[in-house]
Amino acid sequence: MQGTDRHAVVVRPHGPEARPTRRPVPFGAGVPRATVHKRAATEVFLTDAVQTADGRFTVAVRWPREHDLYRPGPRGDEDPLLWIETVRQAGIHLSHRFYGVPMDHPFVLVGLTFAVDPATAPRRHARPVPVALDVVVRREAQNARRMAASAEAVVLAGGRAMGRVGLRWQAVDPARYEVLRARNSPPKPIGTVPGDTDATPLTARTVGRARERDVLLAATRDDDTWMLRLDTGHPVLFDHATDHIPGMVLLEALRQAAVVGAARRTGPATTHGTDRAPRTPLLRSGTVVFEAFGELDAPATVTARSGPATADGGPALSVSAVQGGRTLARADLLCGPAPRRMRDGAAGARR
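Anyway, here's the lowdown on the structure attached to this text. The model shown is predicted, which means the values in this text are computed figures rather than measured ones.

Some thoughts on the overall build of the protein chain
Per the secondary structure count, the protein chain includes three helices and 16 strands. A buried classification covers 53% of the 351 residues belonging to the protein chain. In the protein chain, of all internal contacts separated by at least 6 residues, the share reaching a separation of at least 24 is 67%. When the accessible surface of the protein chain is split by element, carbon and sulfur atoms take 50% of a total near 15,800 Å².

Written as structure tokens, this is what we have:
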């Protein structure tokens, strides 16, 4: 799915209080890279945004036909992490453009929720359709030094809801960021750098990725625990220099652990016809909380355990990333076939 210069979208926001915008949101060149904190133009997924009501926005999206990391599943389902990264960019862009957050303010990802409905989503092999976000932003606090906010975004393709992503973040001035870094960073344990560990990396097929370079997990003696492997030269996960493990890197590691854990509980992955992509469990919904900054030069582990049973089937897993005895991020993730219809309120930042 990809917008082109010849297309535009007008989305009627959900809810009786919302008023649709009269100006179409164009698909064309992406928004300025700085407004989504990206260095590579190919990693910018937004093309424009308009305000449709107080705190409500329509954001036009352009997804690449082929992405180095976020690839469709065996049935052509879009990667949920592509959705999450798109909404994360929207939160940053809207903060700068509509809420006056200075460009030098770092953003801290606090937590997220998501729910996918692949049954309503057009497949990657289908005719490209316009993709947009219907976003509601709620400011929890804002002053000259800090903005704390949440967003609830409905992901739409051709005007149809594909799923929801909820996001919570803070944008703080550089001085406050340094205080947060010092307060929420674990002590550096003595050990090897994650990327240099002697542990054997898992295969790309095992974690549901296409390239070995995308693998973030290495085996340990515990079948449910893996070493975190970092490649700071990765063109997507480390698009720009950072002083800590990015939230999307931790999320990708949690996703890979959930895929491996779910596959072990439902049977081995298989290929589908001539498709060389592994038939790995589909990530369907989840809640993720980021608790501490992760250091780039200290070992970290990722663990997946069976979570609470669900009424509609599919493996549920509790996944966490730990470094120096402190939890960096934790998630409750649900894998498996999607229900015919999404339940209302399956995701959203309602905290």
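Observations regarding the pattern of salt bridges
Applying the stated criterion across every chain yields a total of 18 salt bridges. In this structure, R56 and D134 form a salt bridge, with 3.4 Å as the shortest nitrogen-oxygen distance. Pair noted here: R56 is in strand β4 (residues 56–61) and D134 is in strand β6 (residues 131–142), with a separation of 78 residues, a long-range link. Just as R56 is buried, D134 falls in that class too. With a shortest N-O distance of 2.7 Å, R213 and D231 are connected by a salt bridge. Here R213 is found in the loop between α2 (174–184) and β9 (217–219), whereas its partner D231 is found in the loop between β10 (225–228) and α3 (247–266), with 18 residues between them in sequence. Among the residues examined, R213 registers a relative accessible area of 41% and is labelled partly exposed. By relative accessible area, D231 is classed as partly exposed at 29%. It is possible to trace a salt-bridge network through shared partners that takes in D79, R209, E252 and R255.

Quick notes on unusual backbone geometry
Here H37, not a glycine, exhibits a phi torsion of approximately 60°, which is positive. Mapped onto the elements of the fold, H37 is located in the loop between β2 (25–26) and β3 (46–53). H37 gets classed as partly exposed once you look at its relative accessible area, which sits at 22%.

Brief notes about the nonpolar core
With 81 residues, the main nonpolar core has L112, V137, L228, V302 and V319 as its most contacted residues. Counting residues per element, this core draws most heavily on α3, at ten residues.

Side note on the side chain of E43
Tracing the backbone through its elements, the reader meets E43 in the loop between β2 and β3. No salt bridge is formed by the buried E43, whose closest oppositely charged neighbour, K38, lies at an N-O distance of 5.1 Å. What E43 contacts, discounting residues up to four positions off in sequence, is K38, H67, Q89, V236 and D239.

Digging into the sheet that holds β6
With antiparallel pairing, twelve strands are arranged side by side in an open sheet as β3-β4-β6-β7-β8-β5-β13-β16-β15-β14-β10-β9. Because the sheet does not close on itself, it has two edges, and the strands there are β3 and β9. The mean angle between the axes of side-by-side strands here comes to 25°, regardless of whether they run parallel or antiparallel. When β10 meets strand β14 (residues 301–306), the two strands line up antiparallel, connected through three bridges.

Comments concerning α2
Turning to α2, its buried residues number three or more, namely Y177, L180 and R181. Burial along α2 is one-sided: seen end-on, the buried residues are contained in an arc of 100°. Every exposed residue of α2 that faces more than 90 degrees away from the buried side is listed here: A182 and R183. Elements that come into contact with the buried residues of α2 comprise β5 (107–116) and β8 (160–172).

Topic: the environment of M147
Considering the arrangement of structural elements, one finds M147 in strand β7 (residues 146–157). Residue M147 is classed as buried on the basis of its relative accessible area of 1%. For the pair M147 and G100, spaced 47 residues apart in the sequence, the C-alpha separation amounts to 9.7 Å. Leaving out residues up to four positions away in the same chain, M147 has contacts with S95, Y99, V101, R139, A141, Q142, W169, Q170 and A171.

With respect to the pairing of strand β15 (residues 316–323)
Here six bridges tie β14 to β15, and the two strands are oriented antiparallel to one another. Bridged to S306 within β15 is L317. Sheet topology note: the β15/strand β16 (residues 326–335) ladder contains eight bridges and is antiparallel. If you follow S320 over to β16, its bridge partner there is R330. Taken together, β15 and the strand that follows it, β16, pair antiparallel across an intervening segment of two residues, in which G324 is found at a positive phi of about 60°.

What counts as what
Residues numbered from 1 in each chain as written. Predicted model: local features only at pLDDT ≥ 70, side-chain atom pairs only at ≥ 80, totals over all residues. Heavy atoms only, no water. Helix = DSSP H or I, 4+ residues; strand = E, 2+ residues; numbered from the N terminus. Buried < 20%, exposed > 50% of the residue type's maximum accessible area, 1.4 Å probe, protein only. Contact = heavy atoms within 4.5 Å. Areas by Shrake-Rupley, 256 points an atom, 1.4 Å probe, with all protein chains shown as cover. Salt bridge = Lys/Arg side-chain N within 4 Å of Asp/Glu carboxyl O. Core = buried A, V, L, I, M, F, W, Y, C linked by side-chain atoms within 4.5 Å. Lys, Arg positive; Asp, Glu negative; His and termini not counted. Pairing = 2+ DSSP bridges. Axes fitted to C-alpha atoms, helices over the stretch in contact; angles between N-to-C directions. Arc of directions from axis to C-beta.

So, to be careful, I would describe these as geometric facts and stop short of saying anything about function.
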